[in-house]
Each structure stands twice: as C-alpha cells, then as structure tokens.
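# Reading the structure
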Amino acid sequence: MRKALLSLLLATSVFAAPAVTVIKGARLFDGKSNAVVSPGIIVVSGTTILALGASATIPAGAQIIDLGDVTLLPGFIDAHTHLSLPYHDDFNAGTLIDMQKSSAEKALDASVVTRVTLLAGFTTVRDVGAEDFLDVALRNAIASGSIVGPRMLVSGKAIGTTGGHCDGLAGFPFNFYGRESGIQDGIANSPDQMRQAVRFDIKYGADVIKTCATGGVLSPTDAVDTPQLTQAELDALVDEAHSLGRKTAAHAHGAAGAKRAIRAGIDSIEHGSFLDDEALDMMRTKGTYYVPTLMAIQGLRERFNQGGHIPPLMEAKARAAMSALDETVSKAIRKGIKIALGTDAGVYPHGRNAEEMGQLVRLGMKPIDAIKAGTTVDAELLGMSNKIGSLEAGKLADIVAVPGNPLEDIHRVEKVLFVMKEGTIYRNDKK
C-alpha cells in the first residue's frame, strides 16, 4: 500500500502540468531598468516566471489576476534581519521576558514574525545572528512548508570577541551562567579560533558568516565605535568563510574596525554609523556593499520619543549613532557606494521593513534606486541574482504589488497588497 501511494505521488509530481497564472497591473518595474512600463503583465508557470511584458503570450486556460491600478515589483529583500528577536519597548523588561522563554517558545513566536515579514512583501531575507540556531530552524521549516515566511539565508552565531558586541554573556556577573563564553557562543580570540568559529557555524547550517568588527549600540559593556577584532583575526575569518563558499558581513559602526574588515575582503559593512571618507572610498574601490540599517535608528528614535527605556550607556551610544548616521549615508549615496537594503528588523517592530526605502530616499537616493537596493542590489549581495531580485523569464516568481506608482511616492511600497513567492500567492487584498 505504501509503495503504491509513493508511486502515485511520484507520478503526480513528475507528470502533472504546472498551473499557469497571469498577474496584471497598470504598470511594472522589473528591478533592473530605469523606468516602469505599462501595462504590467507577468505569466507564471509553476514556481517561475514564464514571460512578462505587453508582448507576453497568455496561454489558453490561464488563471488571470487583474490587480488594477498597481505597480508589479520583484519580491523585496532585506539583507539584515533578526526574525527570532522580538521587539520590546522596554529593553530591560524585554530582556527578562526573553530569558524566561525556552528555545521552543521563541521559535513559535518567531514563526509569527516570519509570516508578518512575508506579508509585508519581503520574499527573501538574510538573518544575521540568532541564538540556539533558531534562524536555521526557521529557514528549514519555511523551506519545507511547515510554516509561512520568506526565503532565509542565515548566519547562526554572530562571531566576535570576549566582552564585545557579539558576546551574549557580556554584562552579567562572572559565572552567572556557570561558564564562560566560547566558540559555541560565537566568541573567538585569535586567528585560529576565528577559523574554528566559522567552521562551527557552517557545521550547524550557516549560509553566511556574520562578525562584530566594532562595538555596538545595544550591548552593555563596549564603546560603540571601537574596533574589536585585529586585522589578523578578520583576515582569518573572511578567508575561512570564503574558502568554504560563504559570504561575510561585518557589524561595524566605527571607521577603524570597518577599515580592517574592508581590508580583509568583507562582503558587506552593516550599520557604518561613523564611517569616514577613507572607509567609504575603500568600499567604493573594493566593491564592498553598505547596509546602513536606517530603520534601526528610526526604531530607537521612536522608542525615545514614546518614553521607552534602554539602559543609560546604550542610550548614549544610540544617540551618538543617530546623530552621525544620516550624514554618513548621504555621503555614501553621493560617492556611489553600493548600498543594499537591510533594516535590523527586531530593533524596530517587525513588518515595517519597507520603510527603509523611504529612509534612503529621505537622505538623497532616487526612489528607483531605493527599490533596486531592496531587490537587485540585495540579490547581488546575497549571491542569488540568478534566481531572485528582478522580474525576468526563468527566475523564481517572487512578485509583489503596491498601489499606484512608487516612483512618484516611495511610501507606496509600505502598502503592499499582493504577495507571491515561488508561484504561491500569500496575499491578495484585491480578491
């Protein structure tokens, strides 16, 4: 009986003709060109785009979904998320709540966040740091269809040094957890240990390697802009990751630590609040991507305005970053640095990822380039341009629709009303 059922399932999967769906809208932006086109027509067969544009042939019997006055866009990408990190207005209270939850409960909470993120139009994310490899579990559960969410590239443990931004035990009394942080926590203190930490992450499922090259805002014992890894340590980390076929990302607020990471060949600099002209020029020369995570600062700004609490040291660091980041990003835009969209989701409430595009436009980026930052540029950074990031025949059918024309008003990307991922519709407000 089981053999017969298996044979039937295999036969169905091999010989069943894929369904064809035609998505129509008033206009379309493919993520690569420099204008929208009208009308917007995309023919989807199974999980992929079959054809698009006014000249596309619509097969007989195809399901047609006419969304009206919308712009069809590639599925959005967020290159800096923490989907297993819940947002809390009060940092101390939130920390206590999280400490009382098991990994299983945190994973269940995160499964709600993955759905919210997908329905906001983000069909792919890069998750850059999670405890207990929750990000790996989420990625696998989404890929298997057990839960709903964006396609995920994950990093497992972010790698840093003792007492630094990546050290989750920093700020607690000695022996509070009955042990010192080590490789299994992403903590390494020499070039050889950096290689070991990279191998540990990859052993347990990491797609990308994230490191903390400088201090951070929401860490209790370090200065935000000081370098935390030596040049030799960063050289070893990047070399090991690249040798094993993984890209790398460096949390780096300060210029000195960022420049060490850039020299090592890091693929992207995250945050970059205090990057100087030399660092930006190095990035332009080497082709290093910049992921400024403006929504993290927006989340902190709102928290302060609403009376939310974070410890005094963290508040001082946050205000310093807030005062510097806008000018840094504006300068990076003027210099032509490759800017990829990443938001630091979890530092602000999940689901607002698309607001990052408006933040980029506010600082001088053209709306069309802000959309590219969250589609084609991100796909290049993730090494997935052959599958996602633009609307092209043969690529995965990741499609979102927003009302009106986002090139006239970038904030329309925040009003997603249709989401398709790999040919499956997850949201259609026009039904």
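Please refer to the structure higher up on the page.
The text that follows walks through the structure, step by step, so that each part is easy to find. For clarity, every value in this text was computed on a predicted model and none was experimentally measured.

### Focus: the overall build of the protein
When helices and strands are counted, the protein shows 13 helices and 16 strands. For the protein, the spread of C-alpha atoms along the principal axes amounts to about 70 × 60 × 45 Å. Contacts in the protein between residues far apart in sequence, at least 24 positions, make up 70% of those at least 6 positions apart. Carbon and sulfur atoms form 54% of the exposed surface of the protein, whose accessible area is close to 17,500 Å².

### Some details on unusual backbone geometry
With the exception of glycine, the majority of residues adopt a negative phi angle, and the majority of peptide bonds are in the trans configuration. The peptide bond linking Ser38 to Pro39 adopts the cis configuration, its omega dihedral lying at -10°. Position of Pro39 relative to the elements: it lies in the loop between strand S2 (27-28) and strand S3 (40-45). You will see that Phe133, though not glycine, has its phi angle at about 55°, which is positive. By the secondary structure assignment, Phe133 is in the loop between strand S8 (122-127) and helix H4 (134-144). Not every positive phi belongs to a glycine, and Glu422 is a case in point at roughly 50°. Mapped onto the elements of the fold, Glu422 is located in the loop between strand S15 (418-421) and strand S16 (424-428).

### Side note on the sheet that holds strand S5 (residues 63-66)
Strand order in the open sheet formed by four strands is S4-S3-S1-S5, and the pairing between neighbours is mixed. In the strand order of this sheet, the two ends are held by strand S4 (48-52) and S5, each with one partner. Put simply, the sheet's adjacent strands are angled 25° from each other on average, direction ignored. Summarising the sheet, strand S1 (residues 20-25) and S3 pair through six bridges and their orientation is antiparallel. Residue pairing in the sheet places Thr21 in a bridge with Val44 of S3.

### Brief notes about the pattern of salt bridges
Here the structure, examined in full by the defined rule, presents 25 salt bridges. Its salt-bridge partner being Glu131, residue Lys106 comes within 2.5 Å of it at the nearest N-O pair. Of this pair, Lys106 sits in helix H3 (residues 103-119) while Glu131 sits in the loop between S8 and H4; the two residues are 25 residues apart in sequence, bridging distant segments of the chain. Lys106 sits in the buried class, given a relative accessible area of 14%. Residue Glu131 is classed as partly exposed on the basis of its relative accessible area, which comes to 38%. Across the pair Glu355 and Arg352 runs a salt bridge, and its minimum N-O distance is 2.7 Å. When salt bridges that share partners are traced, they join Asp277, Asp281, Arg284, Lys331 and Lys335 into one network.

### A few points about the environment of Gly257
Here Gly257 shows up in helix H7 (residues 255-264). Of the residues examined, Gly257 reaches a relative accessible area of 0% and is grouped as buried. For the pair Gly257 and Leu275, spaced 18 residues apart in sequence, the C-alpha separation works out to 9.5 Å. Sequence-distant contacts of Gly257, defined by excluding residues within four places in its chain, comprise Ala213, Thr214, Pro227 and Leu234.

### Description of helix H9 (residues 294-305)
Look at H9: 17 Å from first C-alpha to last across 12 residues, which is about the 16 Å you get at 1.5 Å a residue. Counting buried positions over the 12 residues of H9 gives 10, a clear majority of the element. Listing the buried residues of H9 in full gives Leu294, Met295, Ala296, Ile297, Gln298, Gly299, Leu300, Glu302, Arg303 and Phe304. Of the residues flanking the end of H9, it is Gly307, one or two places downstream, whose phi is positive at about 80°.

### So, the packing of H3 against H4
Interaxial distance between H3 and H4 falls to 10 Å at its minimum, and their mutual angle equals 50°. Relative to H4, H3 is oriented oblique. Between H3 and H4 lies a crossing whose hand is right-handed. The segment H3 lies against H4, with Ser103, Lys106, Ala107, Ala110, Ser111 and Thr114 engaging Leu134, Leu138 and Ile142.

### Observations regarding the packing of aromatic side chains
Following the criterion strictly, the structure yields four aromatic pairs and no others. Taken together, Phe133, Phe200 and Tyr204 form an aromatic cluster joined through their ring pairs. Its guanidinium or amino end placed over the ring of Phe304, Arg319 lies 4.2 Å from that ring's centre, counting from NZ or CZ.

### A short note on the sheet that holds S8
Pairing in this open sheet of three strands is parallel, and the strands run S7-S8-S9 from one edge to the other. If you trace the sheet from one side to the other, it starts and ends with strand S7 (76-81) and strand S9 (151-154), each paired once. Averaged over neighbouring strand pairs, the angle between their axes works out to 15° when direction is ignored. Sheet topology note: the S8/S9 ladder contains four bridges and is parallel. Paired with Arg126 across the bridge in S9 is Leu153. Relative to S9, H4 is tilted by about 150°, and along the sheet it contacts S8 and S9.

### Some words on the nonpolar core
One recurring pattern in soluble globular proteins is that nonpolar side chains are buried together. In this structure, Ile269 and Tyr290 are the most contacted members of the largest nonpolar core, which totals 82 residues. For this core, the leading source of residues is helix H10 (residues 312-335), giving eight residues. The contact partners of Ile269, leaving out residues within four places of it in the chain, are Ala250, Ala252, Ala258, Ala261, Ile262, Leu275, Met283, Thr288, Tyr289, Tyr290 and Val291. Leu28, Ile49, Ile399 and Leu417 belong to the second-largest nonpolar core, a separate cluster that totals 16 residues.

Definitions and limits used
- Residues numbered from 1 in each chain as written.
- Predicted model: local features only at pLDDT ≥ 70, side-chain atom pairs only at ≥ 80, totals over all residues.
- Heavy atoms only, no water.
- Helix = DSSP H or I, 4+ residues; strand = E, 2+ residues; numbered from the N terminus.
- Contact = heavy atoms within 4.5 Å.
- Areas by Shrake-Rupley, 256 points an atom, 1.4 Å probe, with all protein chains shown as cover.
- Pairing = 2+ DSSP bridges.
- Axes fitted to C-alpha atoms, helices over the stretch in contact; angles between N-to-C directions.
- Salt bridge = Lys/Arg side-chain N within 4 Å of Asp/Glu carboxyl O.
- Buried < 20%, exposed > 50% of the residue type's maximum accessible area, 1.4 Å probe, protein only.
- Expected span 1.5 Å × (residues − 1).
- Parallel < 35°, antiparallel > 145°, perpendicular 65-115°, else oblique.
- Left-handed = near helix turned anticlockwise from the far one by under 90°.
- Phe/Tyr/Trp six-rings, centres within 6.5 Å; stacked < 30°, edge-to-face > 60°.
- Lys NZ or Arg CZ within 6 Å of the ring centre and 35° of its normal.
- Core = buried A, V, L, I, M, F, W, Y, C linked by side-chain atoms within 4.5 Å.

Any functional reading would require information beyond the geometric quantities listed.
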